[in-house]
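Structural characterization, general
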Amino acid sequence: MSDKDKVRVRFAPSPTGHLHIGGARTALFNWLFARHNNGTFVLRIEDTDRSRSTEDYIESILEGLRWLGLDWDEGPFRQTDRFDIYRSYIDKLLAEGKAYYCYCSPEELEERRKEAQAKGLPPRYDRRCRKLKEPIPGRTPSVRFKMPETGQTIVDDLIRGKITFENSQLDDLIIMRSDGTPTYNFVVVVDDVDMNITHVIRGDDHLNNTPKQIHIYNALGYTPPRFAHLPMILGSDKTRLSKRHGATSVIAYRDAGYLSDALVNYLVRLGWSYGDQEVFSREELIKYFSLENIGKSAAVFNPEKLLWLNSEYMKSTPPEKLCDLVRPFLIQKGIIKEDEELDKEWLKKAIKTLVERCRTLEELSNALRYYISEYVEIEPKAKEKFLNEKSKPYLIELRDALMTIDDFSAGALEKVFMSIIEKHNIKLGALAQPVRVAMTGTTVSPGIFDVLEIVGKEKALKRLNRALELI
RNA sequence: GGUCCCAUCGUCUAGAGGCCUAGGACAUAGCCCUCUCAAGGCUAAGACACGGGUUCGAUUCCCGUUGGGACCGCCA
């Protein structure tokens with residue numbers, strides 16, 4: 001493959017908010033397509049709307065992409081740095097008579113739009129300035145693109161096939177505002193040309209813009225790239241995913257304790273599939289990804305399935321790594337101090353017992369609390385049910401037995417428990433549950449021998465004594 | 001309103017005319033395992049929107065209906 005037909009794709013978010021789920025999936029599909037084809041992934045910030053774009057959002061979007069592991073090869077380019085380029089293209093179109101000045105004010109336009117809509121007519125621009133010979137004094141014009149009025153435009157979409165649009169339906173869109181700044185539909189074309197983009201992979205909310213953009217490519221004398229329009233991601237009510245549906249920013253999922261690989265895996269399966277496979281490594285994703293396997297219909301975002309996938313990834317992440325990942329959560333909850341170091345081997349052991357019952361890092365950090373803290377708070381209900389006169393003698397006997405042993409391993413502890421329950425002919429639960437409440441404050445935890453081993457002799461005895469005092 | 005897109009279990013999807021008694025996954029229910037809770041194993045329930053064609057044969061192809069979505073900005 002020569003450099004000329006090397007795949008070049010881009011992700012072009014506008015910094016008017018955090019990186020959201022939909023944008024992240026678009027970025028992911030572009031990234032995957034680039035990596036699969038040994039191509040180039042370009043990052044471009046679409047910030048021509050200066051009033052709505054902010055630096056903080058740019059940084060947040062980059063942070064989101066980095067967290068997801070979607071590294072870019074070029075950029076981030078910013079459109080605000082490229083205004084002179086756009087200006088030269090606009091002058092060229094103007095000079096060639098392919099664009100014209102429009103002196104209508106936004107207010108007039110708005111009024112006419114309302115009127116048209118009230119009459120049930122399409123709210124399109126009436127092209128009145130198109131035939132103007134002289135400028136209208138006292139007004140600063142915008143620039144409109146001359147759209148062909150007849151014929152058809154065919155968008156040959158890589159996902160949807162050929163789509164035909166009637167040119168008569170297309171509007172003479174504004175390509176430069178009266179303040180001299182260019183608009184989206186124009187800059188997107190200029191940039192994609194300028195950056196040699198070969199494939200435009202984006203949400204299908206852009207499908208209706210595509211024929212207009214194709215005409216701009218043509219007017220500029222360039223061949224349009226290939227297009228691939230991705231189906232939308234919907235909320236549970238089947239409308240476009242938005243803030244109303246809860247957490248939609250990628251960063252919010254990170255902060256809620258999701259693993260980036262899990263989110264990526266979930267997102268890729270929203271619209272893309274590979275037979276019956278559900279869980280993919282990054283390498284597999286890059287290897288198997290193709291536009292052909294992307295579906296056409298919109299997908300509903302399902303938090304339950306994300307949670308399941310996250311738990312799968314929790315289980316397959318090495319405990320070593322989980323130690324580092326959970327640390328910020330422990331600090332944030334005040335379970336450990338900012339500079340506090342935990343014994344790594346001990347923490348790994350603790351995490352191993354918890355990981356299969358925690359679906360997120362957040363849950364894991366919560367569960368870790370009773371291993372780390374000095375004392376536990378005992379739930380009243382649990383105390384009532386298990387810390388009572390009935391269990392007291394067994395707890396005393398256990399405490400006395402535990403005081404005498406040096407080997408506090410799960411195996412050794414099990415022997416101690418067994419000898420007590422056999423002696424009194426009781427079930428293991430009759431002893432294990434009260435001990436569990438004493439150790440963790442709740443009736444739910446990993447296996448009691450593991451819990452005791454990890455809590456350790458000293459703390460375990462303290463907690464047992466404290467529990468006995470409550471009876 | 002106009003234009004465009006879409007349509008398989010509640011949800012994500014497999015399915016490229018006979019392999020379909022429509023497969024998998026999440027969620028749900030039951031059972032097993034069991035010191036609790038998970039995890040795991042097994043089982044159950046659950047879908048081709050509807051109507052016409054085309055064909056020996058349609059989930060699969062075509063048309064229409066219905067339903068849903070997107071876009072129609074001096075937003076991107």
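Data block above holds the structure.
Conventions adopted
All residue numbers here refer to positions counted from 1 along the written sequence of the relevant chain. All chains are assigned letters beginning at A, and all ligands numbers beginning at 1, according to the order in which they are written. Note on the predicted model: pLDDT of at least 70 is required for a residue's local features to be given, and 80 or more for side-chain atom pairs to be given and counted; whole-chain, interface and lining totals, by contrast, use all residues. Each side-chain value is derived from all of the structure's non-hydrogen atoms; neither hydrogens nor water enter the calculation. For helices the rule is a DSSP run of H or I covering at least 4 residues; for strands it is a run of E covering at least 2, with both sets numbered from the N terminus onward. We compute the radius of gyration from the C-alpha atoms alone; for a globule the expected value is 2.2 Å times N to the 0.38, where N is the number of residues. Three exposure classes are used, based on accessible area relative to the maximum for each residue type with a 1.4 Å probe and protein chains only: buried under 20%, partly exposed in between, and exposed over 50%. By definition, residues are in contact when any of their heavy atoms lie within 4.5 Å. Working convention for charge: Lys and Arg count positive, Asp and Glu count negative, and His plus the chain ends are omitted. We put the charge of a Lys on NZ, of an Arg on CZ, of an Asp on CG and of a Glu on CD. To define a nonpolar core, start from buried Ala, Val, Leu, Ile, Met, Phe, Trp, Tyr and Cys residues and group those joined through side-chain atoms within 4.5 Å. Lines are fitted to the C-alpha atoms to define the axes, a helix being fitted only along its stretch in contact, and any angle between axes, read from their N-to-C directions, falls within 0 to 180 degrees. Here is the rule for angles: anything less than 35 degrees is roughly parallel, anything more than 145 is roughly antiparallel, 65 through 115 is roughly perpendicular, and the remaining ranges are oblique. Gly falls in the polar group here, along with every residue not listed as nonpolar (Ala, Val, Leu, Ile, Met, Phe, Trp, Tyr, Cys, Pro) or charged (Asp, Glu, Lys, Arg). When a carboxyl oxygen of Asp or Glu lies within 4 Å of a side-chain nitrogen of Lys or Arg, that pair is called a salt bridge. In short, DSSP must find at least two bridges between two strands for them to pair. Whether a crossover is right-handed comes down to one check: with the strands pointing away from the viewer, does the path from the first strand over the helix to the second run clockwise; if it does, it is right-handed. Grid spacing is 1 Å over the protein atoms alone, the probe is 1.4 Å, and a cavity is where that probe fits but cannot get out, while a pocket is an open set with protein on both sides within 12 Å along at least five of seven lines and lining residues have an atom within 4 Å of a point. Grid points are joined across faces, edges and corners, and a volume is the space filled by probe spheres set on the points. One heavy atom within 4 Å of a molecule or strand makes the whole residue count as near it. Two N or O atoms form a polar contact when they lie within 3.5 Å of each other; inside protein one atom must be a possible hydrogen donor and the other a possible acceptor, and for residues adjacent in sequence the pair counts only when both atoms belong to side chains.

Along its length, chain A carries 19 helices and 12 strands. Against the globule reference of 23 Å for 471 residues, chain A gives a C-alpha radius of gyration of 31 Å, more extended than a compact globule. Reported as C-alpha extents along the three principal axes, the dimensions of chain A are approximately 105 × 50 × 40 Å. Taking all 471 residues of chain A together, the buried fraction comes to 50%. Counted over contacts in chain A with a minimum sequence separation of 6, partners at least 24 positions apart contribute 74%. Between the averaged position of the 71 positive side-chain charges in chain A and that of its 71 negative side-chain charges there is a distance of 4 Å.

Before going further, it helps to spend a moment on the environment of Pro-135. Here Pro-135 lies in the loop between helix 4 (106-118) and strand 5 (142-145). Placed 200 residues apart in sequence, Pro-135 and Ile-335 show a C-alpha to C-alpha distance of 70 Å.

This part takes up the nonpolar core. In terms of nonpolar packing, the biggest core is built from 111 residues, with Phe-301, Leu-368 and Tyr-371 touching the most fellow members. The element best represented in this core is helix 1 (residues 21-36), accounting for nine residues. Not counting residues up to four positions away in its chain, the partners in contact with Tyr-371 are Trp-346, Ala-350, Thr-353, Leu-354, Pro-446, Val-451, Ile-454, Val-455 and Lys-459. Judged by nonpolar contacts, the second largest core, of 34 residues, contains Leu-94, Ile-163, Val-188 and Val-200.

The next subject is the packing of helix 3 (residues 83-95) against helix 5 (residues 184-194). Axis separation between helix 3 and helix 5 bottoms out at 10 Å; the angle between their running directions is 105°. If you check the angle between helix 3 and helix 5, you find them roughly perpendicular. Across the interface between the two elements, Ile-85, Tyr-86, Tyr-89, Ile-90 and Leu-93 from helix 3 touch Phe-186, Val-187, Val-190, Asp-191 and Asp-194 from helix 5. Tallied by class, residues from the contact of helix 3 with helix 5 come to eight nonpolar, no polar and two charged.

Counted according to the given criterion, the structure contains 47 salt bridges. Taking the shortest distance from any N to any O, the salt bridge between Glu-374 and Lys-462 comes out at 3.0 Å. Within this pair, whereas Glu-374 is found in the loop between helix 13 (361-372) and helix 14 (380-386), its partner Lys-462 is found in helix 19 (residues 457-470), the two being separated by 88 residues in sequence. According to the relative accessible area criterion, Lys-462 is partly exposed, its value standing at 31%. Its salt-bridge partner being Glu-458, residue Lys-462 comes within 3.8 Å of it at the nearest N-O pair. Here the residue Lys-462 and the residue Glu-458 both occupy positions in helix 19, the gap between them amounting to four residues, near one helical turn. A relative accessible area of 60% means that Glu-458 is categorised as exposed. A single salt-bridge network, built from bridges that share partners, covers Arg-10, Arg-44, Glu-46, Arg-82, Asp-191, Asp-192 and Asp-194.

What follows concerns the pairing of strand 3 (residues 74-78). Pairing geometry for strand 2 (residues 40-45) and strand 3, over three bridges, is parallel. Note that in strand 3 the partner of Arg-44 across the bridge is Phe-77. In this fold, strand 2 hands off to helix 2 (residues 55-68), which returns the chain to strand 3; that crossover is right-handed.

A few words on the layout of surface pockets. Approximately 1200 Å³ is the volume attributed to the largest pocket. Together, 41 residues line the largest pocket, and Pro-13, Ser-14, His-20, Asp-205 and Arg-240 are the ones closest to its centre. At the level of secondary structure, the elements contributing two or more residues to the lining of the largest pocket comprise strand 1 (8-11), helix 1, helix 5 and strand 9 (199-203). In terms of residues, the lining of the largest pocket owes the most to one element, helix 1, which gives six residues. Taken together, the residues of the lining of the largest pocket break down into 13 nonpolar, 18 polar and 10 charged. In this structure, the second largest pocket occupies an estimated 830 Å³ of space. Forming the boundary of the second largest pocket are 34 residues, of which Leu-109, Arg-113, Arg-144, Asp-171 and Ile-174 lie nearest the centre. For the lining of the second largest pocket, the element with the highest residue contribution is helix 4, accounting for six residues. For the lining of the second largest pocket, the per-class residue count stands at 14 nonpolar, seven polar and 13 charged.

To continue, consider the protein's contact with RNA strand B. Around RNA strand B, 64 residues are found, and the nearest of them are Arg-160, Arg-177, Glu-356, Arg-357 and Ser-445. A share of 69% of the atoms of RNA strand B within 4 Å of the protein falls on sugar and phosphate groups. Thr-443 places a main-chain nitrogen or oxygen 3.0 Å from a sugar or linking oxygen of RNA strand B. In this structure, Ser-445 approaches RNA strand B through a main-chain N or O atom, which is 2.5 Å from a base nitrogen.

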